[in-house]
Amino acid sequence: MAKPIDLLPTKYEVLRLRNGIEICGMTRDTGAKIVITLPMICRLSAPSTKETLATFYPYAPLTSDHNIEFPIDYIVHRNDMNTQYIPFYDEASSQWMSMIENDSIPLVNPKDFAKAKDYMDDVLQ
């Protein structure tokens with residue numbers, strides 16, 4: 001009898017992909033692939049010498065899928081996520097999941113960009 005596959009993510013990890021992108025998320029190793037639930041990209045910036053701002057962005061913002069699968073051979077390295085970042089990841093990923101489920105992603109209409117460009121052109125003239 002085959003061993004049942006656990007469908008729940010098992011831990012928080014940071015993965016570097018062959019294309020150089022580093023993503024983080026809740027992962028599940030199936031043997032042939034890694035399934036990442038709500039994968040995010042984290043950008044760190046230091047607005048002051050005593051603070052670091054961690055900003056999380058969705059890895060694949062145009063999809064409505066919560067999980068993304070990567071073949072094992074597409075991952076260069078993987079490590080456990082530093083526990084200090086987990087609450088920030090959890091907050092960002094839960095907000096993103098809520099926006100996906102409620103169709104409430106705050107998209108901006110291109111017409112708004114055109115108005116802003118016209119305004120800036122007038123100011124610069």
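Here's what I pulled together on the structure shown here. Only a predicted model underlies this, so the values are computations on that prediction, with no experimental measurement involved.

## Here we look at the layout of surface pockets
Part 1 of the reasoning: By volume, the largest pocket amounts to about 180 Å³.
Part 2 of the reasoning: Residue lining of the largest pocket: V14, E22, I23, C24, M40, I41, C42, L44, F56, M81, N82 and Y85, and that is the complete set.
Part 3 of the reasoning: The element that contributes the greatest number of residues to the lining of the largest pocket is strand β3 (residues 33-48), accounting for 4 residues.
Part 4 of the reasoning: Within the lining of the largest pocket, the residues separate by chemical class into 10 nonpolar, 1 polar and 1 charged.

## Structural notes on the state of the cysteines
Part 1 of the reasoning: Overall, the coordinates contain 0 disulfides when judged by the stated rule.
Part 2 of the reasoning: Free cysteine C24: the closest other cysteine sulfur is in C42, separated by 6.0 Å.
Part 3 of the reasoning: Residue C42 is classed as partly exposed on the basis of its relative accessible area, which comes to 26%.

## Re the pattern of salt bridges
Part 1 of the reasoning: Overall, the coordinates contain 6 salt bridges when judged by the stated rule.
Part 2 of the reasoning: The salt bridge involving E13 is made with K11; its shortest N-O contact spans 3.9 Å.
Part 3 of the reasoning: Classification of K11 by relative accessible area gives partly exposed; the value is 37%.
Part 4 of the reasoning: By sharing partners, the salt bridges in this structure join K11, E13, D29, R78 and D80 into a single network.

## Quick notes on the nonpolar core
Part 1 of the reasoning: Counting 12 residues, the largest nonpolar core consists of V14, C24, M26, L38, M40, F56, M81, I86, Y89, A92, W96 and I100.
Part 2 of the reasoning: Among the secondary structure elements, those contributing two or more residues to this core are β2 (22-29), β3 and α1 (86-101).
Part 3 of the reasoning: Setting aside anything within four residues of it in sequence, one finds I86 in contact with Y12 and M81.
Part 4 of the reasoning: Among the nonpolar cores identified, the runner-up in size contains 9 residues, and I23, I68, F70 and I75 belong to it.

## Some words on the side chain of S93
Part 1 of the reasoning: Along the chain, S93 turns up in helix α1.
Part 2 of the reasoning: On the basis of relative accessible area, S93 is assigned to the buried category, the value being 3%.
Part 3 of the reasoning: In this structure the side chain of S93 is engaged in a polar contact, spanning 3.3 Å, whose partner is the backbone oxygen of D90.

## Points about empty space enclosed by the protein
Part 1 of the reasoning: The full count for this structure, using the stated rule, is 1 cavity of 30 Å³ or more.
Part 2 of the reasoning: When its volume is computed, the largest cavity comes out at roughly 80 Å³.
Part 3 of the reasoning: As for the largest cavity, its lining consists of L38, P39, P58, Y59, A60, T63, D65, H66, I68, W96 and I100.
Part 4 of the reasoning: Listing elements by their share of the lining of the largest cavity, those giving two or more residues are β3 and α1.
Part 5 of the reasoning: Its residues placed into classes, the lining of the largest cavity shows 8 nonpolar, 2 polar and 1 charged.

Parameters and conventions
Residues numbered from 1 in each chain as written. Predicted model: local features only at pLDDT ≥ 70, side-chain atom pairs only at ≥ 80, totals over all residues. Heavy atoms only, no water. 1 Å grid on protein atoms, 1.4 Å probe; cavity = no way out; pocket = protein on both sides within 12 Å on 5 of 7 lines; lining within 4 Å. Points joined across faces, edges and corners; volume = space filled by probe spheres on them. Helix = DSSP H or I, 4+ residues; strand = E, 2+ residues; numbered from the N terminus. Nonpolar A, V, L, I, M, F, W, Y, C, P; charged D, E, K, R; others polar. Disulfide = S-S within 2.5 Å. Buried < 20%, exposed > 50% of the residue type's maximum accessible area, 1.4 Å probe, protein only. Salt bridge = Lys/Arg side-chain N within 4 Å of Asp/Glu carboxyl O. Core = buried A, V, L, I, M, F, W, Y, C linked by side-chain atoms within 4.5 Å. Contact = heavy atoms within 4.5 Å. Polar contact = N/O pair within 3.5 Å; in protein donor to acceptor, adjacent residues only side chain to side chain.

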